[in-house]
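Single-letter residue listing:
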Amino acid sequence: MAMLLRRVWETMSSRTCSTGDSSARPSCTTESSSLGAFDQIPWDVLIQIVKLIGPKEAAKLCVVSKSWRALVSDNRLWIFFLQHQQEPWDSIFFGETTLGSGYPYQTLATGLSFMHIYGQRAQVPGSVIIDGGSGYCKFGWSKYDCPSGRTATFLEFGNIESPMYSRLRHFFATIYSRMQVKPSTQPIVVSIPICHYDDTENAKASRRQLKDCFQQVLFDLNVPAVCAVNQATLALYAAKRTSGIVVNIGFQVTSVVPILHGKVMRKVGVEVMGLGALKLTGYLRLLMQQNNINFGSLYTVRTLKEKLCYVAADYKAELSKDTQASLEIAGEGWFTLSKERFQTGEILFQPRMADVRTMGLDQAVALCMDHCHYAELSGDDAWFKTVILTGGSACLPGLAERLEKELRGLLPSSISNGIRVIPPPYGADTAWFGAKLVGNLSTFPGAWCATKKQFRQKSRFNIMWRSSLPYLEDDAH
């Protein structure tokens, strides 16, 4: 430990000598003091010194004396160390203070120690994250900056009559094979698609069956612990919130999901539009064919949609503008689009342009907000006035601004005041990043996960009591 203190002293001495500022150089003293020769250095300067030696060495200083322990346990120091982690500091703070206790959320004690949180996070081994849907799946490690791989999914999660177990087992086994990891080595955070939207007993049973199938498959693959959270809630976490309305533009449909304190408010109503990313891509393909723009594959059309398309703030005004833009696609050459660029996204607000008989996105969200307002689920109406967009097609530039504008025009001021529409915080990977936030918590796996033993006990309990007790559904998990 003497060597450690000497290192701290030498670090400070070398920095002050290099600056040539004699007034900043601490002077030695023989007087007894709590920090020895460091006692004359201002507290804030000492914090800067300890920052230089790093978190591991700083933690060792706790055993020197009570004064050093008080110094290096200062929250400001460990917040600095946490700010240099892969995740943004505001996400870490939200996760540890709001999600750290698991679901349902509990108010944490006031004496929160970020030194302890840093130490716990350093020991969390990380988890496998699989965010799958009916279109595409993102997978990787919670300790990585972003998903390590993507693959097509095309699982019909809404069809419980299909051989779901065998398809899911093949799907998860394939993902683990691509990641080159044994399922038994790490816990998993897996997203459950939003489906079976009603609040009926049949819909509850279908959702329960789907979640049980996910867990059964993973436990049969020897995964040690499973955290299963629906995609909309994970997207909300990524936006550092536990309440709001999540608009998920999926592969086949778009769902408008009200969530209060992490729980999907199905009694209020999940609005569903029969229009998703596939329809947007198909409509752009139709427009290109009508304008004699040749292309080699649907992948080309999807790439053009992602790179060139946007949502107009005013559709009629945009028609009179020059909106031409070009993009080169490897192996196929240059493509030039004009009005197709904003006509594609417009079908979200005017579905009949693409011969789709459903309400527009603005109407669906306004209806959801109206239901939330009159349901009076909370003393504060602000919970549903934040709208989080998620899904690949939700990344279209201008979509958030246009939706917010339309909502203000559709809703009375008593509801529309304070509305804010937020673009996907992490693009097409927003739900994956919500899962990453959970998987890196200092308390993970803890209350967030179920083990095989717990799953089997719960299954036996449900078989015994399901016929006689009402089922309390936990839509966050």
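For the structure, check the block above.
A brief report on the enclosed structure follows. Nothing here was measured: the structure is a model prediction, and the numbers come from that model.

## A closer look at the pairing of strand E1 (residues 128-131)
Then, number 1: Because side chains alternate across E1, one face comprises the buried residues Val 128 and Ile 130, and the other comprises Ile 129 and Asp 131, equally buried.
Then, number 2: Inspection of the sheet shows E1 paired to strand E4 (residues 188-192) by three bridges, in the parallel sense. The residue of E4 that forms the bridge with Ile 130 is Val 190.

## Thoughts on the packing of aromatic side chains
Then, number 1: What the rule picks out here adds up to 19 aromatic pairs.
Then, number 2: Measuring from centroid to centroid gives 5.5 Å for Phe 219 and Phe 455, while their planes differ by 35°, and the two rings are tilted. Note that Phe 219 is positioned in helix H9 (residues 201-220) and Phe 455 in helix H19 (residues 452-465), a separation of 236 residues in sequence.
Then, number 3: Residue class for Phe 219 comes out buried when judged on its relative accessible area of 1%.
Then, number 4: Overall, the relative accessible area of 6% leaves Phe 455 in the buried class.
Then, number 5: Ring centres of Trp 383 and Phe 384 lie 5.6 Å apart, and the angle between their planes is 85°; this geometry places the pair in the edge-to-face category. With respect to class, Trp 383 is no different from Phe 384; both count as buried.
Then, number 6: Stacked on the ring of Phe 80, the Lys or Arg Lys 51 has its end atom at 4.3 Å from the ring centre.

## As for the side chain of Glu 318
Then, number 1: In this structure, Glu 318 sits in helix H13 (residues 315-318).
Then, number 2: Judged by its relative accessible area of 11%, Glu 318 is buried.
Then, number 3: Discounting residues that sit within four places of it in the chain, Glu 318 has contacts with Tyr 310, Ala 312, Thr 323 and Phe 342.

## Things to note about the sheet that holds E4
Then, number 1: Here six strands make up an open sheet; going across it, the order is E3-E2-E1-E4-E5-E14 and the pairing mixed. The open sheet has two free edges, formed respectively by strand E3 (149-152) and strand E14 (450-451), since each of these has just one partner strand.
Then, number 2: Examined bridge by bridge, strand E2 (residues 136-141) and E3 share four bridges and lie antiparallel to one another. Along E3, the bridge assignment pairs Lys 138 with Arg 150.

## Looking at the side chain of Lys 436
Then, number 1: Of note, Lys 436 is situated in helix H18 (residues 430-439).
Then, number 2: Here Lys 436 sits buried without a salt bridge, and the closest side chain of opposite charge, Glu 87, lies 5.0 Å off (N-O distance).
Then, number 3: Once you skip the residues sitting within four places of it in the chain, Lys 436 turns out to touch Gln 86, Glu 87, Ile 129, Ser 142, Lys 143, Tyr 144 and Asp 145.

## Let's talk about helix H11 (residues 277-290)
Then, number 1: With 14 residues, H11 ought to run about 20 Å at 1.5 Å a step, and its terminal C-alpha atoms sit 20 Å apart, in line with that.
Then, number 2: Listing the buried residues of H11 in full gives Ala 277, Leu 280, Thr 281, Tyr 283, Leu 284, Leu 287 and Met 288. Along H11, the residues classed as buried sweep out an arc of 160° about the axis, all on the same side.
Then, number 3: Packing partners of the buried residues in H11 comprise strand E6 (244-249), helix H12 (298-308), strand E11 (333-337) and helix H14 (340-346).
Then, number 4: Looking one or two residues past H11, Asn 292 carries a phi angle of roughly 55°, positive in sign.

## Brief notes about the pairing of strand E5 (residues 225-230)
In regular strands, side chains alternate between the two faces of the sheet.
Then, number 1: Burial within E5 is extensive, with six of its six residues counted as buried.
Then, number 2: Covered by surrounding structure in E5 are Ala 225, Cys 227 and Val 229 together with Val 226, Ala 228 and Asn 230, the residues of both alternating faces.
Then, number 3: Pairing of E4 with E5 involves five bridges; the strand directions are parallel. Bridging from a neighbouring strand, Val 189 pairs with Cys 227 of E5.
Then, number 4: What joins E4 to E5 is H9, and the crossover it makes is right-handed.

## A look at helix H2 (residues 43-53)
Then, number 1: Here H2 has its buried residues at Leu 46, Ile 47, Ile 49, Val 50 and Ile 53. Viewed end-on, H2 has its buried residues packed into an arc of 160°, placing them on one side of the element.
Then, number 2: Phi turns positive, to about 95°, at Gly 54, one or two residues after H2.

## Re the pattern of salt bridges
Two side chains that carry opposite charge are able to pair once their charged atoms sit near each other.
Then, number 1: In the structure shown here, the tally under the stated rule is 14 salt bridges.
Then, number 2: Note that Asp 74 and Arg 76 form a salt bridge whose closest N and O atoms lie 3.0 Å from each other.
Then, number 3: Assessed through its relative accessible area of 44%, Arg 76 is described here as partly exposed.
Then, number 4: Here Lys 204 and Glu 201 are joined by a salt bridge, their closest N and O atoms 3.7 Å apart. A residue pair is termed a helical-turn pair when its members lie 3 or 4 positions apart in one helix, as Lys 204 and Glu 201 do in helix H9 at three residues.
Then, number 5: Taking the relative accessible area as the measure of exposure, Lys 204 reaches 14% and is therefore buried.
Then, number 6: Relative accessible area serves as the criterion here: at 55%, Glu 201 is assigned to the exposed category.
Then, number 7: The structure contains a network of salt bridges with shared partners spanning Asp 44, Asp 74 and Arg 76.

## Observations regarding unusual backbone geometry
Then, number 1: Going from Tyr 103 to Pro 104, the amide bond is cis rather than trans, its omega being 0°.
Then, number 2: By the element assignment, Pro 104 lies in the loop between helix H6 (89-99) and helix H7 (114-123).
Then, number 3: Cis geometry marks the peptide bond from Phe 444 to Pro 445, where omega comes out at 5°.
Then, number 4: With respect to the secondary-structure elements, Pro 445 resides in the loop between H18 and E14.

Quick notes on the rules
Residues numbered from 1 in each chain as written. Predicted model: local features only at pLDDT ≥ 70, side-chain atom pairs only at ≥ 80, totals over all residues. Heavy atoms only, no water. Buried < 20%, exposed > 50% of the residue type's maximum accessible area, 1.4 Å probe, protein only. Helix = DSSP H or I, 4+ residues; strand = E, 2+ residues; numbered from the N terminus. Pairing = 2+ DSSP bridges. Phe/Tyr/Trp six-rings, centres within 6.5 Å; stacked < 30°, edge-to-face > 60°. Lys NZ or Arg CZ within 6 Å of the ring centre and 35° of its normal. Contact = heavy atoms within 4.5 Å. Lys, Arg positive; Asp, Glu negative; His and termini not counted. Salt bridge = Lys/Arg side-chain N within 4 Å of Asp/Glu carboxyl O. Expected span 1.5 Å × (residues − 1). Arc of directions from axis to C-beta. Right-handed = clockwise from strand over helix to strand, strands pointing away.

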